[in-house]
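Inside the fold
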Amino acid sequence: MVLRSSKSFFRFKENISVKKPSPLPIMQKDQITALFDSVSDSVYYMDKTSKELVFNQPLSIQLGYTSSKKRPLHKYFEKKSSPDFDKYLESAFEGNTQIRFMNGKHKDGSMVTLQTSFIPHFKNEMVMGVFIIFKNISQVEKVKTDLQVSNLALKLAETSANLGTFEYNYEDDSFIGSPITYEFLHIKDINEIKNISSHVQTIMDPEDFDTIVGKFTSGEKRNELITLRYKINSKDGDKIYKSVANIQYKEERPYLLTGIIQDITKEVQTQRELQEKEQYLKNIYNNLSMGLWCYDMESSELVFASKGLETIYEIPLQKFYDKPDISNDYIHPDDVDKVQNARDRLSRGERIELTYRINLEGNQEKWLHEETIPIKNEMGDIIQCLGALYDITPQKNLEHEIDYLSKHDDLTGLPNRREFERIFAYWAKKESFTLMSVDIDRFKYINETLGLEIGDEVLVEVGKKLSRLVKQDGLVFQFGSDEYIILLDTTPLKSNQLAKEIIKTLEIPFNIQGYDIYLTVSIGISFYPTDGKTSSEILQRANIALNMVKRNGKNNFKIYSSTKNISTFKKYKLEKDMRTALCEEQFELYYQPRIDSYNGNLEGAEALLRWNHPEWGLISPGLFIPMAVESGFIIELSEYVIEKACQQIDSWRNEGLPVRPVSVNISPRSLMKENFIEVLTQNMHDYNIKGEWLELEITEDTLLTKEPYLIEIFSKLKEMEISIAIDDFGTGYTSFTQLKEFDIDIIKIDKSFIKNCGGDSYKDNQIISSMIHLAHGLGIQVVAEGVEEAHQYAFLKQKECDQIQGYYFSKPLPAKEYEYYLHKGGLRPKSQIKLTFEKNRRQFYRMEFPYPLLGAFSIVEFYNERVVIGKSKVLIENISIGGLKFITKLQLPVNPEIRLRFNFKLFGKDYSLDGKIVWKDEVKPEIFQYGVQFYIDEPMRDELADTMNKLYVYKKNNKPIPESNFIDTEAVIYLNREHQKTK
């Protein structure tokens, strides 16, 4: 095979001057015209006289002008070419033959390239004239220029695309290639390659070489492109090339092979890396729990689907390729519309995100979360959809579980307070329904004696029994540990019957872990909307009724009554006024002296807070302190007491009075406040108070909370030289070990022990004796609270109790009265405390009853406002036509703005008389005696006078008074007993 180098020649012709050509034969004009008729060029003859002779089409025709209009030849050229025309013509007359390229001006304004030949006409060696031939070569020049541009573009394309071209001629066995082709084939000089096939065979992979030879010689694909890939060895490693070639045939035989060659090593490597990455991603996708997919909109085919879909739907992955919309067959019927709406939005080019359910075989339900995005082309048309599908069934199950736990008690599984509020809002749309508050009596005792585990089982069993009893008539809820709330969609009569059935059923013993457990329950009932329209109102009413059951012996049920008694009414008023009272300085400190039991010296006092209410008078702390604790207001009150106590001590010192320690009651809540020590220290600093002048009284329950923190607080108090006293000692769970551990200074024995000491109660005497003995052994002082009788004082003095506090020496006193004893330095005891009755308080004769008369009273008018409240029991001790005297544990003000109504029965007749309190006296701690003046007219006064005359006769004859509610018990004893029942 002969090889020839391929070279492209694109040369522009240079101007050529030819002198003295061979003389032209002399021809006649017609002969010359006939000669040039077949020529498309314009042929002119010009003699020495500049006469022009045209032998064929004039030049004007080539330049777009009409043949009728004649112009001098030089006028057809652009200005800079016109002088040259005359110069060339003159040279021709001198015998010089010339070929020049000149620019003619076309009629449309464009330039036309004219090859102009100047040929002298000789005769007898003389130039007779000049033939001028004009040839339009503009198209030829354009082709040449285009060819040059194409050649340059081809070279640039070959270089930039790293593309080589080649041509092989089968007939003369020649091979021509571009420089890039030679570079690819390791050819430095084509002339040195004698046999191209042998050369290629040495550098190409053998299998690839055989394939190429077969393709180029088989003749299978005529006039079709042949695409081949092959490897060529290189010092930089194997290179991969791609060739696209075409074989041309002549007379059924191949004669020319043309093609291109391209280095695709990087592309192949990149493709391989992409394939590896694609496989890597597929491995990731196929091992993810989610399902990924790609759907092609144009072909309506699934392009890709990960194995996550197979896991989610539990069907072979191939089914998704066979039927791309197969997932629609599994959508839960209730979610079909939601999914379809999302698909519609997707078709409009919106990204969708939704959660729905699918149903699989075996009624298995799964929750799926789908996110799908549309892929658009430049025209905005959707060409593909990419989606991700997550199985969120575990999360949904967890959500349901969390939601269930948030709405149900984790022990009994009953709906809780949160669910109650939701359901109540729904039930409030009903006309009416019943609410029951059920509380297990003495449940705390079960936990303490049998343990929390058995207590929990009791709660579960009670919940089950309540649910069975309620059945379809309502719902049972669990509030707190031992409190159940029942909503009933029944009549009040059926609710009462159910309450009785609940009490009866729960009285049957529960056998739990071998224990027979006997239960009783208390039930309060309220009705919607009669007793309130909000959940809090209905619950509050039911709990009021429940508490009344608790106070009256438990194991029963009670329906809430909208009427309140005097105690409830008073509490309601005080709760509203408490915070205002602090701002208006209505609170006042009273001081109850503490006396040395041996010599009667004043050792100090307990600061007791009193409330001087503008309407209710002096309020006992036993009434408002529990309210303050419940509302959290106790913290502010404690800080107020500390400040006022420090202020008062400072005042006494400035007045020159001897300073005695003042003890202040501190609630656990106040003690646990982070800034308690800071507040205490600041007040002591502001009023220059020494630590030894202050004592802090805490309850036993305080020692049971946050023990490490308490030790830290007590340690700081000790550093400040402040004494710590345990109030109401013996009523809680404090041990003497704790007294030692907390380094307590004083214990104050509760008055419940003192009440029976010094008499016939051997046990109480022994308990008190032991307390005093053990406390002294630990270096702790002992104070006896509530000492009211001489024999109590004598017993305590004998047992060497350190200090005495109680009415036997003094009731709590205002600061000014207490100052008298500070100055005096001691107190003398009273022989005893008796019920005292002031003489001549009434202008009318009064009838003393042989026994207290049991009646009832209520408030009917409060500051000119009519009120309707329930009645409270009262013991009437005497009566006249002008008023009466009664005794009660209720603390009431002497206030003419409060109108009372008294109801009682004498001789079978019911009386209802209105009056006002005109005097009061505290005859025992928290027992008060009142005098009342009636508001009655003359007819009622006369009727009452008749009754009193009748009473006088019966009393004089020592006859029992018939049809009257007298009690045969001493008033104080009766009142204390009744008070215990309500606790």
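Residues numbered from 1 in each chain as written. Predicted model: local features only at pLDDT ≥ 70, side-chain atom pairs only at ≥ 80, totals over all residues. Heavy atoms only, no water.

1. Concerning the overall build of the chain
Along the backbone of the chain there are 30 helices and 40 strands. Partitioning the contacts of the chain with sequence separation of at least 6, the portion at a separation of at least 24 is 59%. Accessible surface for the chain amounts to roughly 54000 Å². Of this, 49% is attributable to carbon and sulfur atoms. (Helix = DSSP H or I, 4+ residues; strand = E, 2+ residues; numbered from the N terminus. Contact = heavy atoms within 4.5 Å. Areas by Shrake-Rupley, 256 points an atom, 1.4 Å probe, with all protein chains shown as cover.)

2. Concerning the sheet that holds strand S13 (residues 301–305)
By way of backbone hydrogen bonds, the strands of a sheet pair with one another, either parallel or antiparallel. Pairing is antiparallel in the open sheet, where five strands are placed in the order S13-S12-S16-S15-S14. Looking at which strands have only one partner, the edges of the open sheet turn out to be S13 and strand S14 (352–360). Looking at each pair of strands side by side, their axes are set apart by 25° on average, direction ignored. Strands S14, strand S15 (364–376) and strand S16 (382–391) of the sheet are contacted by helix H11 (residues 336–347), whose axis makes an angle of about 140° with S14. (Pairing = 2+ DSSP bridges. Axes fitted to C-alpha atoms, helices over the stretch in contact; angles between N-to-C directions.)

3. A few points about the environment of Glu167
Positionally, Glu167 belongs in strand S7 (residues 163–169). Since its relative accessible area comes to 34%, Glu167 is described here as partly exposed. For the pair formed by Glu167 and Leu256, sequence separation is 89 residues and the distance between their alpha carbons is 7.2 Å. In this structure Glu167 touches Ser174, Phe175, Ile176, Leu256, Leu257 and Thr258, once residues within four positions along its chain are discounted. (Buried < 20%, exposed > 50% of the residue type's maximum accessible area, 1.4 Å probe, protein only.)

4. Comments concerning unusual backbone geometry
A negative phi angle is the norm for most residues apart from glycine, just as the trans form is the norm for most peptide bonds. A cis amide bond links Tyr528 with the next residue in sequence, Pro529, at an omega value of 0°. Its location among the elements puts Pro529 in the loop between strand S22 (521–528) and helix H17 (535–551). A positive phi is found at Glu314, a non-glycine position, where the angle reads about 60°. In this fold, Glu314 is placed in the loop between helix H9 (307–313) and helix H10 (318–322).

5. Some details on the pairing of strand S8 (residues 174–177)
Going residue by residue along S8, you find Ser174 and Ile176 tucked away on one face and Phe175 and Gly177 tucked away on the opposite face as well. Sheet analysis places S7 next to S8, joined by four bridges and oriented antiparallel. Bridging across to S8, Glu167 finds its partner in Ile176. A loop of four residues connects S7 with S8, the two strands running antiparallel in sequence, and Asp173 in this loop sits at a positive phi of about 55°.

6. Overview of the pattern of salt bridges
Side chains that differ in sign of charge can pair as their charged atoms come close. Tallied over the entire structure, the rule returns 37 salt bridges. The closest approach of N and O atoms between Asp743 and Lys718, which form a salt bridge, is 3.9 Å. Of the two residues, Asp743 is situated in the loop between helix H24 (736–741) and strand S30 (746–749) and Lys718 in helix H23 (residues 707–719); the sequence distance between them amounts to 25 residues. Through salt bridges with shared partners, one network takes in Glu606, Glu697, Lys748 and Glu785. (Salt bridge = Lys/Arg side-chain N within 4 Å of Asp/Glu carboxyl O.)

7. Let's talk about the packing of helix H13 (residues 417–427) against H17
Between two packed helices, the angle of one axis relative to the other and the distance separating the axes together describe the packing. Where H13 meets H17, the closest approach of the two axes is 10 Å, and the angle between their N-to-C directions is 115°. Seen from H13, the contacting residues are Arg417, Phe420, Glu421 and Phe424; seen from H17, they are Ser535, Ile538 and Leu539. A breakdown of the residues in the contact of H13 with H17 according to their chemical character gives four nonpolar, one polar and two charged. (Nonpolar A, V, L, I, M, F, W, Y, C, P; charged D, E, K, R; others polar.)

8. Focus on the sheet that holds strand S11 (residues 253–263)
Strands sit in the order S8-S7-S11-S10-S9 across an open sheet of five strands; the sheet is antiparallel. If you trace the sheet from one side to the other, it starts and ends with S8 and strand S9 (225–232), each paired once. In this sheet, adjacent strand axes meet at a mean angle of 20° when their direction is disregarded.

9. Re the side chain of Lys366
Structurally, Lys366 can be placed in strand S15. By relative accessible area, which is 8% here, Lys366 ends up buried. A polar contact of 2.8 Å, which involves the side chain of Lys366, links it to the backbone oxygen of Ile312. Polar side-chain contacts of Lys366 include one of 3.4 Å to the side chain of Glu314. Ignoring sequence-local partners within four residues, the contact set of Lys366 consists of Thr311, Ile312, Glu314, Tyr356, Arg357, Ile358, Leu360, Asp391 and Thr393. (Polar contact = N/O pair within 3.5 Å; in protein donor to acceptor, adjacent residues only side chain to side chain.)

10. A few points about the nonpolar core
Ranked by internal contacts, the top residues of the largest apolar core, which has 118 residues, are Phe587, Leu680, Phe714, Leu717, Leu796 and Phe886. Residue contributions to this core peak at 10 residues, all from helix H20 (residues 634–654). Contacts of Leu717, omitting those with residues within four sequence positions, involve Ile677, Leu680, Leu696, Ile722 and Ile724. Counting 31 residues, the second largest nonpolar core, distinct from the first, contains Ile446, Leu488, Leu506 and Val521. (Core = buried A, V, L, I, M, F, W, Y, C linked by side-chain atoms within 4.5 Å.)

11. Examining the confidence of the model for the chain
Summarising the model, the chain shows a mean pLDDT of 83, and 87% of its residues fall at 70 or more. With pLDDT under 50 throughout, residues 1–27 is counted as low confidence; its partners more than four residues away or in other chains account for 56 contacts. Counting contacts from residues 832–842, a segment whose pLDDT is below 50, to residues more than four positions away or on other chains yields 25 contacts. (pLDDT = per-residue confidence, 0-100.)

12. Some details on the pairing of strand S27 (residues 662–665)
Residues in a regular strand project their side chains so that they alternate between the two faces of the sheet. Where strand S25 (residues 602–613) and S27 come together, three bridges link them in parallel fashion. If you follow Ala607 over to S27, its bridge partner there is Val664. In terms of strand pairing, S27 meets strand S28 (residues 694–699) through four bridges, oriented parallel. Each residue of the ladder has a partner; that of Asn665, found in S28, is Glu697.

13. Brief notes about the packing of aromatic side chains
For the structure on display, the rule yields 36 aromatic pairs. Ring centres of Phe849 and Phe966 lie 5.3 Å apart, and the angle between their planes is 75°; this geometry places the pair in the edge-to-face category. With Phe849 in strand S34 (residues 847–862) and Phe966 in the loop between helix H29 (938–956) and helix H30 (971–982), the pair connects residues that are 117 residues apart, well separated along the chain. Ring geometry for Phe928 against Tyr930: centres 6.4 Å apart, planes inclined by 35°, an arrangement best described as tilted. Overall, the relative accessible area of 0% leaves Tyr930 in the buried class. (Phe/Tyr/Trp six-rings, centres within 6.5 Å; stacked < 30°, edge-to-face > 60°.)

14. Things to note about the environment of Leu657
If you trace the backbone, Leu657 turns up in the loop between H20 and S27. The class for Leu657 is buried, based on a relative accessible area of 14%. Sequence separation of Leu657 and Leu822 is 165 residues, and the distance between their C-alpha atoms is 6.7 Å. For Leu657, the residues in contact, after removing those within four places along its chain, are Trp652, Glu819, Leu822 and His823.

15. Points about helix H19 (residues 621–631)
Here H19 has its buried residues at Pro621, Phe624, Met627 and Ala628. Looking straight down H19, one finds its buried side chains confined to an arc of 145°; they lie on one side. In H19, the exposed positions that point more than 90 degrees away from the buried face belong to Gly622 and Glu630. Immediately beyond the C-terminal end of H19, within one or two residues, lies Gly632, with a positive phi of roughly 90°. (Arc of directions from axis to C-beta.)

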